[in-house]
Amino acid sequence: MTITLTDDKRKAAQEVADTLGAARYIVLTTHVNPDGDGLGSEVGLAHLLRAQGRTVVIANPTPTPARFDFLFRDLPELDRSREAVRAIRKADTIVVLDIADSTRLGVLGAEVSGRQVPVVCIDHHASPGTLPAGPRFVDPSVAATGELIYEIAVANDWPVNTSTARALYVALMTDTGGFRFSNTHPRTLRVAADLLETGIDPESIYLDVYATAPEGRPRLLAATLETLVVEPEYGLAWVTVPPGAIERYGVTPDDLDGVVEHPRSISGVRLAILFRELSQGRIKVSLRSVGDVNVATFAHALGGGGHAKAAGVALPGTMAEVQAMILTAAREYLSNTNGS
Ligand code: AMP
Ligand code: MN
Ligand code: MN
């Protein structure tokens, strides 16, 4: 173990453990379209809690993408997302991971807010969120929520076995884009090193997460990259998922993970955007930035959120309406933000 914790963090981590130690039926949940950090943090925490003799299940607002099924191999009954509302109603303690805002809990938002039970929040987003009161373990400076789960284990002397380590490594690896993004701090790599010390195999984890794609994933990527538009004068580039493409290629929104890195990779681009039509006449806007452009501020002003270099928002309207609005705002934002 190579990391140390501040007294404040140690105290907060112990408060979380006290709340969970008193619980009889713990439900873990994360944001809609769960990602590697949300799922890895849930599975890692579930292993830790089971080792402490707790009863724990996972119940997410939308299904687990197939590429993360491997995380559940040694916990067959853990994922109750198909009956998530029922699980939340049965919980005597709820843990919300990788999000602090009840609106991003989809159908579970109202359920979680309506229960009169402790709601623990473990998260690394900057926004304070709208969850009911409960113990908080929040730190926007860490790369992934999985890092916070590791800190909770360290603070409470909970042993980290290989199953826990694998899940938390997935959380760190996915939220840092394979330890490449600007959120990859020395401490992130120290935590990753501690996890590898347990004996997990980084290559097999990489293959499980990234190299088991359905054929539709590269086809969806190709169709989406066809739509690329670049405006060098603003440092702006965007791509649009063609209508119906996800269904046509037999894939899920999770298969779009990383697509927005392509417009971001263009020399001179400071803001990259991926547009995707959600059901119910809403458009999802994924924002990625380079240098000192802060997309969290941009997304927040529109009702979304995220991190300085990776943020998002969902807006009502047609694709044409939302694109016109976002692109106008983006050009203005970029004009007012000096390149670095
Ligand atoms: P994504 O573009 O979906 O990969 O999300 C990038 C970051 O923005 C993540 O940290 C999300 O939590 C955040 N984010 C995405 N969509 C929203 C939204 N509708 N509201 C608030 N935050 C969002
Ligand atoms: Mn996430
Ligand atoms: Mn995260």
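Refer to the structure printed above.
This is a predicted model, so every value here is computed, not measured.

Draft legend 1. View of the coordination of the manganese ion (ligand 3). In the first shell of the manganese ion (ligand 3), the protein supplies Asp37 (OD), Asp98 (OD), His124 (NE2) and Asp175 (OD), at 2.1 to 2.3 Å from the metal. Going along the chain, you hit the donors of the manganese ion (ligand 3) in the pattern D-x60-D-x25-H-x50-D. Between the manganese ion (ligand 3) and the manganese ion (ligand 2), a separation of 3.7 Å is found, and both are coordinated by Asp98. Note that His124 is positioned in the loop between strand E4 (119-123) and strand E5 (136-138) and Asp175 in helix H6 (residues 162-175), a separation of 51 residues in sequence. By relative accessible area, which is 2% here, His124 ends up buried. Owing to a relative accessible area of 18%, Asp175 belongs among the buried residues under this scheme.

Draft legend 2. Examining the pairing of strand E7 (residues 236-240) more closely. Buried residues dominate E7, accounting for five of its five residues. Here E7 shows a buried face lined by Leu236, Trp238 and Thr240 and a second buried face lined by Ala237 and Val239. Alignment of strand E6 (residues 229-231) against E7, held across three bridges, turns out to be antiparallel. Among the inter-strand pairings, Glu231 is bridged to a residue of E7, identified as Leu236.

Draft legend 3. Fine view of unusual backbone geometry. Backbone geometry at Asp98 places phi at a positive 65°, although glycine is not the residue there. Relative to the helices and strands, Asp98 resides in the loop between strand E3 (93-97) and helix H4 (108-114). Note on Asp98: relative accessible area 2%, which makes it buried. Within the chain, Asp157 stands out as a residue other than glycine whose phi angle is a positive 55°. Along the chain, the position of Asp157 falls in the loop between helix H5 (145-155) and H6.

Draft legend 4. Representation of the coordination of the manganese ion (ligand 2) in the model. Protein coordination at the manganese ion (ligand 2): the donors are His31 (NE2), Asp35 (OD) and Asp98 (OD), at 2.0 to 2.3 Å from the metal. Within one chain, the residues serving as donors to the manganese ion (ligand 2) are arranged as H-x3-D-x62-D.

Draft legend 5. Here's a closer look at the sheet that holds E6. Here six strands make up an open sheet; going across it, the order is E6-E7-E8-E9-E11-E10 and the pairing mixed. Looking at the sheet topology across the chains shown, the edges are occupied by E6 and strand E10 (305-306). In this sheet, strand E8 (residues 271-278) lies alongside E7 in parallel orientation, the contact comprising five bridges. Within the sheet, the bridge partner assigned to Ala237 lies in E8 and is Ala272. Sitting on the sheet, helix H13 (residues 319-335) is in contact with E6, E7, E8, strand E9 (282-289) and strand E11 (310-316), with an inclination near 165° to E8.

Draft legend 6. Up close: the environment of Arg282. Residue position: Arg282 is located in strand E9. With a relative accessible area of 33%, Arg282 lands in the partly exposed category. Taking the C-alpha atoms as reference points, Arg282 and Gly317, separated by 35 residues in sequence, lie 5.6 Å from one another.

Calculation criteria
Residues numbered from 1 in each chain as written. Chains lettered and ligands numbered in written order. Predicted model: local features only at pLDDT ≥ 70, side-chain atom pairs only at ≥ 80, totals over all residues. Heavy atoms only, no water. Donors = N, O, S within 2.8 Å, 3.2 Å for Na, K, Ca; no water. Helix = DSSP H or I, 4+ residues; strand = E, 2+ residues; numbered from the N terminus. Buried < 20%, exposed > 50% of the residue type's maximum accessible area, 1.4 Å probe, protein only. Pairing = 2+ DSSP bridges. Contact = heavy atoms within 4.5 Å. Axes fitted to C-alpha atoms, helices over the stretch in contact; angles between N-to-C directions.

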